[in-house]
Every structure is written in structure tokens, then in C-alpha cells.
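Spelled out from the first residue to the last, the chains are:
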Amino acid sequence: MAILRAGPFANSSDSFLDSGTPVNCANDTSSSAWPWKYNDGVTKSLETHTGCETSGGGENVPTTSTSNTTTESTETATGDFSITSSASSNLITIMTTTLSFYYQAAQSFQIKVTYNGLATGDTTLYQPEFMGFYDSQTTSGPIEGFPSLSGFVTRTLPASVKPAFYYAQLDTASGIDFPEDVCSPKSSISDTSATLSIEFL
Amino acid sequence: MANIEKVTQGALAKNKKLNEIINRLNPLLNIEVNEVEENAPLEIEYSDNNVVLRVPSGGVPEGFAEETLDVVNSDNTAGQRVFLTKAV
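So, a few notes on the structure that sits alongside this text.

Conventions adopted
Residues numbered from 1 in each chain as written. Chains lettered and ligands numbered in written order. Predicted model: local features only at pLDDT ≥ 70, side-chain atom pairs only at ≥ 80, totals over all residues. Helix = DSSP H or I, 4+ residues; strand = E, 2+ residues; numbered from the N terminus. Rg over C-alpha atoms; globule rule 2.2 N^0.38 Å. Pairing = 2+ DSSP bridges. Axes fitted to C-alpha atoms, helices over the stretch in contact; angles between N-to-C directions. Buried ≥ 20, exposed ≤ 12 C-beta atoms within 10 Å, placed from the backbone. Contact = placed C-beta atoms within 7 Å. Core = buried A, V, L, I, M, F, W, Y, C linked by C-beta atoms within 7 Å.

## Looking at the overall build of chain A
Looking only at helices and strands, one finds zero helices and 13 strands in chain A. Secondary structure elements of chain A, listed N to C terminal, follow the sequence β-β-β-β-β-β-β-β-β-β-β-β-β. Over its C-alpha trace chain A gives a radius of gyration of 21 Å, far above what one expects of a compact globule, namely 17 Å for 201 residues. Its C-alpha atoms give chain A principal-axis dimensions of roughly 75 × 30 × 30 Å.

## Re the sheet that holds strand β2 (residues 43-46) of chain B
Residue and element names in this part refer to chain B. An order of β1-β3-β2 is seen for the three strands of this open sheet, with the pairing classed as mixed. On the outer flanks of this sheet lie β1 (31-36) and β2, each paired with one strand and no other. Mean inter-strand twist for the sheet, computed between neighbouring axes without regard to direction, equals 15°. The pairing of β1 with strand β3 (residues 51-56) spans six bridges and is classified as parallel. By the bridge assignment for β3, Asn34 is matched with Arg54.

## Focus: the pairing of strand β7 (residues 92-105) of chain A
Residue and element names in this part refer to chain A. Of all 14 residues that make up β7, twelve are buried, and the element is covered over most of its length. Note that strand β3 (residues 21-25) and β7 share three bridges and pair parallel. Of the residues in β7, the one forming a bridge with Val23 is Tyr102. Here strand β4 (residues 36-54) pairs with β7 via nine bridges, running antiparallel. Note that in β7 the partner of Glu47 across the bridge is Ile92. As judged from the 13 bridges shared by β7 and strand β12 (residues 160-175), these two strands associate in the antiparallel manner. Within β12, the residue paired with Ile92 across the bridge is Gly175.

## A look at the environment of Glu35(B)
All names here are of chain B. By the element assignment, Glu35 lies in strand β1. Using a count of 12 C-beta atoms within 10 Å as the deciding quantity, one classes Glu35 as exposed. Residues Glu35 and Lys6, 29 residues apart in the sequence, show an inter-C-alpha distance of 32 Å. If we ignore the near neighbours within four places in the chain, the residues touching Glu35 are Val55 and Ser57.

## Examining the nonpolar core
Side chains of nonpolar character tend, in soluble globular proteins, to be buried together. Counting residues in each nonpolar core, the largest one holds 40 residues, and the members touching the most others are Leu99(A), Tyr103(A), Tyr115(A), Leu196(A) and Val72(B). With eight residues, the single largest contributor to this core is β7(A). Setting aside chain neighbours within four positions, we find Tyr103(A) in contact with Val23(A), Asn24(A), Ala26(A), Leu157(A), Pro163(A), Ala164(A) and Tyr166(A).

As C-alpha cells, then:
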């Protein structure tokens, strides 16, 4: 029996919204009447070494500034899809990359989710924050790795009359130490990059 | 169905009323039904040879409107269905 379309967008409490996370027809990306859409999002938190100031004791101490940005957009998929993001600073770079969507399905279907995360820096590179992959079906903790992380998971998305939510998230982070001369910030060498891909099987 | 032949011999042939009935009945054995446009009137055309019924096509019941809605087909493909809807 056919399932009547909900959406076109939904959230956790309402299946009939005009904005939010798009609701799709299972794994059918071929329909022009019901285009397959997803949300991608990137959140970046950058801590930048800006220079120095003289402390009360007369010694130089580094000064920093923080920048937080979030971008999210709704994209149309005509098949497999992915998101790639990157960020850099001269001190600490933390980034979250996500893909999300709702779906309705008369029968279960499978997707393959591939993740690639990387942190790079100079010889003082360290892990300032959690770095790992997880999704809405993760039950035994995230898949962690530093400075690189890559792999894939295969997920079975069960049949659902009501819109069912799926998301995949990749957190990446890199940090480098202050330079010996805290008044001379390094050039941008604390980098992170992330790629999330979803393939319909 | 073949027409009923008129009676031309014997005692029954003397009864003109019988052949008159046969003449009226034969066209009914050749009824032709034609679907015409939605707003046309229902018409019945009677001739010596046949009867033609002209019936307007289905259309939408009064007070209802057609709406095309998206569905997930049983094989997970996207499809559409036409629903008759009416505000309550």
C-alpha cells in the first residue's frame, strides 16, 4: 500500500513543515515531483593567536580571539551525495560536519556512509577536542581517531510511514602550541578537513 | 444481437400490432453508448435502426476538487495519486 507524503520538511515533533529538515521518498532520487533533499551543515570554532600583551608581572602573554560560525543549507540529491569542509587557524581548529534528512519508506533500504577526517599542523600538533564519526544508528559509541580517521559504515534504514530521521556527523579538531615568541603568531597551520559521503546501495 | 424478424405469414401476420412492437423493439437491440464531454447533457437518440445514448464523462462530484498528491509506492519509488477532496 502506498504511503501518503508528509513534509515537505519535518522536525522531531511535526511532520508537516515548510522548513527544517527535508522529508524524502526512501532512496528514490529520480523523481522531479518529489526531489530528494538533505541538509548539510558545518560548524567551525576557531581560536586564533592574535599577539601578546604585557602582564602585571611584566612578561608577555599571548592574546587570542575566538570565532564561531555555523552554516547549514538544504541541497538536492540526484544520486549519491557528499559534503567536504575544511578550516584552519594558527592555534585551535574545531569543526563539525553533518548530513541529515528524513525519509518515508514502504520497505527498508541500505546506505553506505563513508567518513574521512584529517588534522594537520606543525610538530606541536595535538588533539584539542574529540575527533570521531557517529550517526543516528550508532549504539556502541563513536568511531574515534586522530590525526586521521577514515572508514565507512553500512546502515539499514527501516520502513517507516511517518518521517524517520537520519543524520551522520564527523567531528574533527586540531591544535598547535603557541610559538616560542608569543608576540609573533604563526601563520595558519592548524588545519582540519572532513568529508562525509552517502551512497545508496 | 440479431434483429427480430417481422411476421409475414400465418394468422399472426394478420395482427399488425405484433410487427409494430417488433419495429419498436429492434432498435433497442442495437443500443450504442457514447461518452461525450463533461458538461454536455445526457441525450437519447431513437431511430428505426438503433438507439444512441450520449452520456457525459465522469467529472468531479459537486463540491469536490481533484488534488494530485505524492506517495511512496510499495516498491519505494515516488508516485502520485489523484484524490477527490472536499473541505469540511
